[in-house]
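Observations on the model geometry
Chain residues, written in single-letter form:
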Amino acid sequence: MKKTSISLADGRELIYYDSRDDAVRATVDRRPLDTVATTAEIRRDPLLGDSVAIASHRQARTYHPPADECPLCPSRDGRLSEVPAADYDVAVFENRFPSLAGDAGRCEVVCFTSGHDASFADLTEEQAGLVLDAWTDRTADLAELPQVEQVFCFENRGAEIGVTLGHPHGQIYGYPFVTPRTELMLRSLASHHEQTGRNLFDDVVAREREDGVRVVLEGEHWIAFVPYAAHWPYEVHLHPRRRVADLRALDDAARAEFPRVYLELLRRFDRIFGPGEPPTPYIAAWHQAPFRAEGRDAFGLHLELFTIRRTSGKLKFLAGSESGMSVFINDVPPEAAARRLREVAS
């Protein structure tokens, strides 16, 4: 992998990740851009104890542009985009409309490929491996920022999820706090160890392997399963067989196997609802240990992949119980979801 960092016209950083060591990235951003001004701030909810990012400047962000005006495509044929080069493998840049900025964190956009009409599932294993390298490198770099406590790499796919740019891309958030979801995991992790003397992540994976009914696929270094108490209609958790705290700690064998396993999962998701159905909307989310949390070495890196589509033409909406009280009601039994994901194997 070759990494090249440049500055965009407004001072934001853009990083190219290339599979070829001889790639040259010298194209200058020629757009007449003003320096980015943000209003991002973090406010603490006194009742719930969680944090909310207030970012009013995001109201002006790009919203469903036509394909020939996509800001994530390469700059070609006289049209200038967020990526100055005429082609690229993987590109990462600071978000022009960030939810978090400055002392309130950092937001980055990850363009998985220069092909506008592709999806992550269309990538080759080599391309998917390069994205994994980019996620890992960004986690390492953001870990060095004093204001960043936790790094979250994720992809939203599909208009139903709320995606406003169709180009295949994800995001990386560098939070200035430990997220509520992770705080819950850390508390459960500590409680389980206090009660049993064992690691909770290890026990969850061991239980799923032993039971087997919810296992979707298993490689030499990764295992994917529908969790026992899945929140979403189709939800898969992907764990490395050797527990590590974050992406930086994956060994070479796990990194080499990841593209094949992950691409297979994504392709199965697109086949869940049968032929002729539109691509399945999903969220893919990496859960990594916070950098300075107590007990971080006991945390288990894993990826959660889920869709809000519950059946053909119908979505799972978060209504009163979910939105008002955070109590999920799932219409699809996890065992049935796992069975369906095994049925649609390549």
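Bear in mind that the values here come from a model prediction, so they are computed numbers and not experimental data.

Residues Phe-120, Trp-135, Leu-238, Tyr-262 and Trp-286 are the most contacted members of the largest nonpolar core, which totals 54 residues. Ranked by residue count, the leading element in this core is helix α4 (residues 252–269), at eight residues. Once residues within four sequence positions are removed from consideration, Tyr-262 is found in contact with Phe-120, Trp-135, Glu-155, Leu-238, Ala-284 and Leu-303. Counting residues in each nonpolar core, the second largest holds 15 residues, with Ala-91, Phe-93, Val-109 and Cys-111 among its members.

Our focus in this paragraph is the pairing of strand β10 (residues 222–225). Alternating positions in β10 separate into two faces, Trp-222 and Ala-224 on one and Ile-223 and Phe-225 on the other, with burial throughout. Summarising the sheet, strand β9 (residues 215–218) and β10 pair through three bridges and their orientation is antiparallel. Looking at β10, one finds that Glu-218 is bridged to Ile-223. With antiparallel pairing between neighbouring strands as the criterion, β9 and β10 make up a hairpin whose turn holds three residues. With four bridges joining them, β10 and strand β11 (residues 234–240) adopt antiparallel strand pairing. Bridge pairing in β11 links Ala-224 to Leu-238.

The α-helix advances 3.6 residues per turn, and as a result positions three or four apart in sequence lie on the same side. For helix α6 (residues 334–343), the set of buried residues is Pro-334, Ala-337, Ala-338 and Leu-341. In an axial view of α6, the angular spread of the buried residues amounts to 100°, which keeps them on one side of the axis.

Before going further, it helps to spend a moment on the pattern of salt bridges. For the structure on display, the rule yields 34 salt bridges. Among the ionic pairs, Asp-141 bridges to Arg-138, the shortest N-O distance being 2.8 Å. With a gap of three residues between them, Asp-141 and Arg-138 both fall in helix α1 (residues 125–142), about one helical turn apart. According to the relative accessible area criterion, Arg-138 is buried, its value standing at 2%. Glu-304 is the salt-bridge partner of Arg-181, the closest N and O atoms lying 3.0 Å from each other. Placement of the pair is Arg-181 in helix α2 (residues 180–196) and Glu-304 in strand β13 (residues 302–307), with a sequence separation of 123 residues. The exposure class of Arg-181 is partly exposed, given its relative accessible area of 42%. Taking the relative accessible area as the measure of exposure, Glu-304 reaches 3% and is therefore buried. One network of salt bridges, in which partners are shared, links Lys-3, Glu-13, Glu-94, Arg-106, Glu-108, Asp-137, Arg-138 and Asp-141.

Here we come to the packing of α2 against helix α3 (residues 200–211). Contact pair α2 / α3: the axes reach a minimum separation of 9 Å and the direction vectors enclose 85°. Considering the angle they form, α2 stands roughly perpendicular to α3. Together, Met-185, Ser-188, Leu-189 and His-192 of α2 and Leu-200, Phe-201 and Asp-203 of α3 make up the contact between the two elements. Across the contact of α2 with α3, the residue classes tally to four nonpolar, two polar and one charged.

Tracing the chain through its elements places Leu-33 in the loop between β2 (13–18) and β3 (41–44). Among the residues examined, Leu-33 registers a relative accessible area of 19% and is labelled buried. Ignoring anything within four residues of it in the chain, the contact list for Leu-33 reads Ala-9, Asp-10, Arg-12 and Arg-96.

This next bit is on the packing of aromatic side chains. Considering all chains together, one arrives at 18 aromatic pairs under this definition. Residues Phe-120 and Tyr-262 carry aromatic rings whose centres are separated by 5.3 Å and whose planes lie at 75° to one another, so their mutual orientation is edge-to-face. In this pair, Phe-120 is assigned in the loop between β6 (106–111) and α1 and Tyr-262 in helix α4, connecting sequence segments 142 residues apart. Taken together, a centroid distance of 4.8 Å and an interplanar angle of 10° make the contact between Trp-232 and Phe-306 stacked. You can see Trp-232 sitting in the loop between β10 and β11 and its partner Phe-306 sitting in strand β13, a full 74 residues away along the chain. Judged by its relative accessible area of 12%, Trp-232 is buried. Feature note: the residues Phe-112, Phe-120, Trp-135, Trp-222, Phe-258, Tyr-262 and Trp-286 constitute an aromatic cluster, connected by ring pairs. Lying over the aromatic face of Tyr-228, Arg-207 brings its terminal NZ or CZ to 4.1 Å of the ring centre.

The rules behind the values
Residues numbered from 1 in each chain as written. Predicted model: local features only at pLDDT ≥ 70, side-chain atom pairs only at ≥ 80, totals over all residues. Heavy atoms only, no water. Core = buried A, V, L, I, M, F, W, Y, C linked by side-chain atoms within 4.5 Å. Buried < 20%, exposed > 50% of the residue type's maximum accessible area, 1.4 Å probe, protein only. Helix = DSSP H or I, 4+ residues; strand = E, 2+ residues; numbered from the N terminus. Contact = heavy atoms within 4.5 Å. Pairing = 2+ DSSP bridges. Arc of directions from axis to C-beta. Salt bridge = Lys/Arg side-chain N within 4 Å of Asp/Glu carboxyl O. Axes fitted to C-alpha atoms, helices over the stretch in contact; angles between N-to-C directions. Parallel < 35°, antiparallel > 145°, perpendicular 65-115°, else oblique. Nonpolar A, V, L, I, M, F, W, Y, C, P; charged D, E, K, R; others polar. Phe/Tyr/Trp six-rings, centres within 6.5 Å; stacked < 30°, edge-to-face > 60°. Lys NZ or Arg CZ within 6 Å of the ring centre and 35° of its normal.

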